[in-house]
Amino acid sequence: MQLTLVFISHDLSVVKHISDRIAVMYLGRIVEVGPATEVFGKPRHPYTQALVSAIPLPDPEKERQRKRIILQGDPPSPLNPPAGCPFHPRCLHAVEACRKQVPAFELRGNQQVACIRVDEIV
Ligand code: SF4
């Protein structure tokens, strides 16, 4: 039908089932983009990894074994984002360079990821 719909939600389990492509945003910036199956199957950005790890599983046994990534701290104000990578104050993988450098998009497979350590953390 030559039709595009943009669906914005915090409910990732819904997003997963209705989307062809997903863009994950943090502080108003896109941090990862790619096909839904790949973003959910192999999230590459640390924020996407934390979001995907938070999705409850319907199987009680798998739910008990699910390992969540718990982010530290609260999101900063989007009106005054941190220097460098906006995610660095909460990122478990942040290094000194993350405080100075705004990450450009890196293409990995079909996913674009805004992280300078994308190859080290997957
Ligand atoms: S650039 Fe650094 S702080 Fe930002 S997501 Fe990657 S590792 Fe974390």
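This text gives an overview of the structure that appears in the document.

About the thresholds
- Residues numbered from 1 in each chain as written.
- Predicted model: local features only at pLDDT ≥ 70, side-chain atom pairs only at ≥ 80, totals over all residues.
- Helix = DSSP H or I, 4+ residues; strand = E, 2+ residues; numbered from the N terminus.
- Rg over C-alpha atoms; globule rule 2.2 N^0.38 Å.
- Buried ≥ 20, exposed ≤ 12 C-beta atoms within 10 Å, placed from the backbone.
- Contact = placed C-beta atoms within 7 Å.
- Pairing = 2+ DSSP bridges.
- Axes fitted to C-alpha atoms, helices over the stretch in contact; angles between N-to-C directions.
- Near = placed C-beta within 6 Å.
- Nonpolar A, V, L, I, M, F, W, Y, C, P; charged D, E, K, R; others polar.
- Core = buried A, V, L, I, M, F, W, Y, C linked by C-beta atoms within 7 Å.

## Comments concerning the overall build of the protein chain
Next, step 1: Counting secondary structure elements, the protein chain contains five helices and four strands.
Next, step 2: A compact globule built from 122 residues would reach a C-alpha radius of gyration of about 14 Å, and the protein chain, at 15 Å, matches this within 12%.
Next, step 3: For the protein chain, the proportion of its 122 residues judged to be buried stands at 23%.
Next, step 4: Counting contacts in the protein chain only where the partners sit at least 6 residues apart, residues at least 24 apart contribute 37% of the total.

## Concerning the sheet that holds strand E4 (residues 111-114)
Next, step 1: Read across the sheet, four strands follow the order E1-E2-E4-E3 without closing on themselves; strand pairing throughout is antiparallel. The open sheet terminates on both sides in strands that have one partner only, identified here as strand E1 (21-26) and strand E3 (105-108). Ignoring which end each strand starts from, the neighbouring axes of this sheet average 25° apart.
Next, step 2: When E3 meets E4, the two strands line up antiparallel, connected through four bridges. In the strand pairing of E4, Glu106 is matched with Val113.
Next, step 3: In the packing of helix H3 (residues 46-53) onto the sheet, contacts are made with E1 and strand E2 (29-35), and the angle to E1 comes to roughly 105°.

## Points about the site of the ligand
Next, step 1: Surveying the vicinity of the ligand reveals 13 residues, the closest of which are Cys85, His88, Cys91, Cys98 and Cys115.
Next, step 2: Taken together, the residues of the shell around the ligand sort by class into nine nonpolar, three polar and one charged.

## Looking at the environment of Arg117
Next, step 1: Looking at the secondary structure, you find Arg117 in the loop between E4 and helix H5 (118-121).
Next, step 2: Between the C-alpha atom of Arg117 and that of Cys98, which follows or precedes it by 19 residues, the distance is 8.9 Å.

## As for the nonpolar core
Next, step 1: Residues Val24, Val31, Tyr47, Phe87 and Cys115 are the most contacted members of the largest nonpolar core, which totals 17 residues.
Next, step 2: If you list the elements that add at least two residues to this core, you get E1, helix H2 (36-41), H3 and E4.
Next, step 3: Here the element with the most residues in this core is E1; it accounts for three residues.
Next, step 4: Excluding anything up to four places from it in sequence, Val24 contacts Ile30, Val31, Glu32, Val39, His45, Tyr47, Thr48 and Leu51.

## Digging into the environment of Glu106
Next, step 1: Along the chain, the position of Glu106 falls in strand E3.
Next, step 2: On the basis of neighbour counts, which here come to 16 C-beta atoms within 10 Å, the residue Glu106 falls in the partly exposed class.
Next, step 3: C-alpha separation for the pair Glu106 and Glu32, spaced 74 residues apart in sequence, amounts to 9.3 Å.
Next, step 4: Excluding anything up to four places from it in sequence, Glu106 contacts Val113 and Val118.

## Focus: the pairing of E1
Next, step 1: Judged by which residues are buried, E1 turns out to be one-sided: Ile22, Val24 and Tyr26 face inward and are buried, whereas Arg21, Ala23 and Met25, on the alternate face, are not.
Next, step 2: Linking two consecutive strands that pair antiparallel, namely E1 and E2, is a turn of two residues; a positive phi of about 50° is found at Leu27 within it.

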